[in-house]
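Spelled out, the chains give:
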Amino acid sequence: MERFMMFNDRTVDSSLVMQLSDLAQTLMRRRDVAIQFAAHSGVHCVKPVVYVSHFWDGYPPLERETAMKSDVGLRIIGTYRHTDRLAVRAFRHAVESRPLSKLSKQLFTFAEDLRLEAVCERERPGMKRWFRTRRRLYRRYFTQQWQANRTRGAWADQFLAGMYLRLTANSPLDDAPLAPMADEAVQARLETLWPQFFDASSTAEVADWAFAVVELMKDVLPHDMVNAYTSLPIVEDDADEKTMTLQDLKRTNPLENRDALQEADGEAKRQVLPTWHRETSRAGGSFLRFELERGSRTEIISDKARPGEDGDQALAVVKGTSRPTARNEYGLEAQASFSEQPPAGNSAPYGEANRQADLVLLPSSPNLAHLEQYRAKQAAVAPYRKRLVRIMEQWLEHKRSAWRMNLPVGRLRKQLVSFFTDERPRLFYKKGEPPRRFDAVFGLLVDCSASMHDKMEETKTGLVLCHEVLKTLRVPHQIVGFWEDANEAAASRQPNYLQMAVSFHRSLEPSSGPSILQLEPHEDNRDGLAIRWMTEQLLKRPEAQKVLLVFSDGEPAAYGYEQNGIIDTHEAVAEARRRGIEVVNLFLGHGADDESTRRTIENIYGRFRVFVPHVSELPDRLLPLLKTWLQKSL
């Protein structure tokens, strides 16, 4: 199946993808079914993957959603359950050796889809409106393609468009000409042949019908199709690649030339297997064994390779163990965490998209420069901190009422003089409420990717404000920066670093805070992984009110995380909210007014997001949120 390469910055609608995933899992009755986007729709023959076509992206939201749902329903109810895979495989191999192979494949696919649409409507009558919308959009598209291909002379493309319009026609009056380029005899035979499609009741019969139609048109159409409107719905990995056997790896072809290498003094003579031959400029310099089709014979006969040395050049044997590099030197603690932290492994505790992610927790070690910078930011946010603390303390004092005296019921007072002096004495009182504390805990995640380089200073100011307010009100919290090392990331392992700026057990200490200034922009970010990790930390806390505040620009990007990064982050946020944690995104700095950025963040966090274009607006946006969360914790 052809894959679709995206060269434009298309925003993924996470809500729609979640709907499609739930629909696929419900129809297939499997929880591990995944939705992926490709050029054409299909279903994998082995993996639980359903491909949704990018063809519908340009349509309005309502029509796009309905058409994509029709892709999922058609592939699971129709292709997955009612398509003969052996017949599709036989058809695939048969058309490769025939002319007009592209036309044969696409005609067969559209015909098989139309047959399966009727099957789906019988089994699931609720899908009828999906397929009506699907056929209506396709008919509009192929009507335009029929005219365009007629103008440019692409007869095979014009024929396919006309055939789809004829097969989906609602009345004889809107039939499009099938083959205006053919003579009357071929047109007459074609008019008799095409209605036989409605008699096909299996995949093999549809394949025979497609073969008959293409066989009739092979002398009329001079060239095969130019465009690819669809592809075979059964996706197979490496379906067209030639199978390599062990004998293919054993190359024993003789040399083309029969010249011999002259003996030479120097380092080359002492090599176990030199690759000197007449097409090279000098002897030695390469230490690997090569399979040569052309070269020179030597007197050295050996079947063993020379052991590698530290001084060898780039082609020498190197040790392939991943470890911290000099560029990212994090100290002994980080190096120990590489060996102590187990990889995600087979269980994928942080999501399928983060299966190979390796978490590395880095300690904090601020220096004098960080302490001076923190004092400057602390002085800058002091007025806002005092303002919020004063508001919350006044609100607490209002909730904590004093002793109420002269009550008709309650505890008896010690002074009983009024019993003798008053006609109706009130001799009782009630104690005031005990001092109350905020039963809340906060987790603050900071995106330390390269895209935050122009927002990091403003983000640090917001973190200092949050830390000072929560510390003054005696509310435990944790501040962690996260990023992924793009240089060390590979398919088998993606190291993700968590910089512990402020921990739960030290968040209320007077000396905590300067470590926030250690957070700096690095490389990539895997937001879904960090949110799931912080969710675990918050669930271990005994407080009733749990809040997760994410300082991020809302654009996750990491190794193998491009297509499903937004979806994985959206799932992590939804999972945390289901477990009772309030998750809010706080966007700081330039870009908050950009429409695409807003749409991306809304797709991930929904309405729980706060845009702060300028740091001067941060206290006014942040104070109401903190006040609301703290009041709910009492």
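Here the structure is a predicted model, which means the values were calculated and not measured. (Residues numbered from 1 in each chain as written. Predicted model: local features only at pLDDT ≥ 70, side-chain atom pairs only at ≥ 80, totals over all residues. Heavy atoms only, no water.)

**Considerations on the packing of aromatic side chains**
- The final tally for this structure, using the stated rule, is 22 aromatic pairs.
- A network of ring pairs unites the aromatic residues Phe55, Trp56, Tyr59, Phe110, Tyr138, Tyr141, Phe142, Tyr164 and Tyr229 as a single cluster. (Phe/Tyr/Trp six-rings, centres within 6.5 Å; stacked < 30°, edge-to-face > 60°.)

**Looking at helix 5 (residues 128-152)**
- Compared with the 36 Å implied by 1.5 Å per residue over 25 residues, the 36 Å span of helix 5 between its first and last C-alpha is a close match.
- Buried residues belonging to helix 5 abut helix 1 (14-28), helix 2 (61-82), helix 4 (101-123) and helix 6 (155-167).
- Just beyond helix 5, the residue with positive phi is Gly153, at close to 80°. (Helix = DSSP H or I, 4+ residues; strand = E, 2+ residues; numbered from the N terminus. Expected span 1.5 Å × (residues − 1). Contact = heavy atoms within 4.5 Å.)

**Quick word on the packing of helix 2 against helix 5**
- Axis separation between helix 2 and helix 5 bottoms out at 8 Å; the angle between their running directions is 110°. Taken together, the axes of helix 2 and helix 5 lie roughly perpendicular to each other. Crossing hand, helix 2 versus helix 5: left-handed. Residues Glu63, Thr66, Ala67, Lys69, Ser70, Asp71, Leu74 and Arg75 of helix 2 form the contact with helix 5, whose own contacting residues are Arg129, Trp130, Phe131, Thr133, Arg134, Arg136, Leu137 and Arg140.
- Its residues assigned to classes, the contact of helix 2 with helix 5 shows five nonpolar, three polar and eight charged. (Axes fitted to C-alpha atoms, helices over the stretch in contact; angles between N-to-C directions. Parallel < 35°, antiparallel > 145°, perpendicular 65-115°, else oblique. Left-handed = near helix turned anticlockwise from the far one by under 90°. Nonpolar A, V, L, I, M, F, W, Y, C, P; charged D, E, K, R; others polar.)

**Considerations on the pattern of salt bridges**
- The tally for this structure, following the rule as stated, stands at 25 salt bridges.
- In this structure, Asp71 engages Arg134 in a salt bridge whose closest nitrogen and oxygen atoms are separated by 2.5 Å. Of this pair, Asp71 sits in helix 2 while Arg134 sits in helix 5, and the two are 63 residues apart along the sequence. Summarising the burial analysis for this pair, Asp71 and Arg134 share the class buried. (Salt bridge = Lys/Arg side-chain N within 4 Å of Asp/Glu carboxyl O. Buried < 20%, exposed > 50% of the residue type's maximum accessible area, 1.4 Å probe, protein only.)

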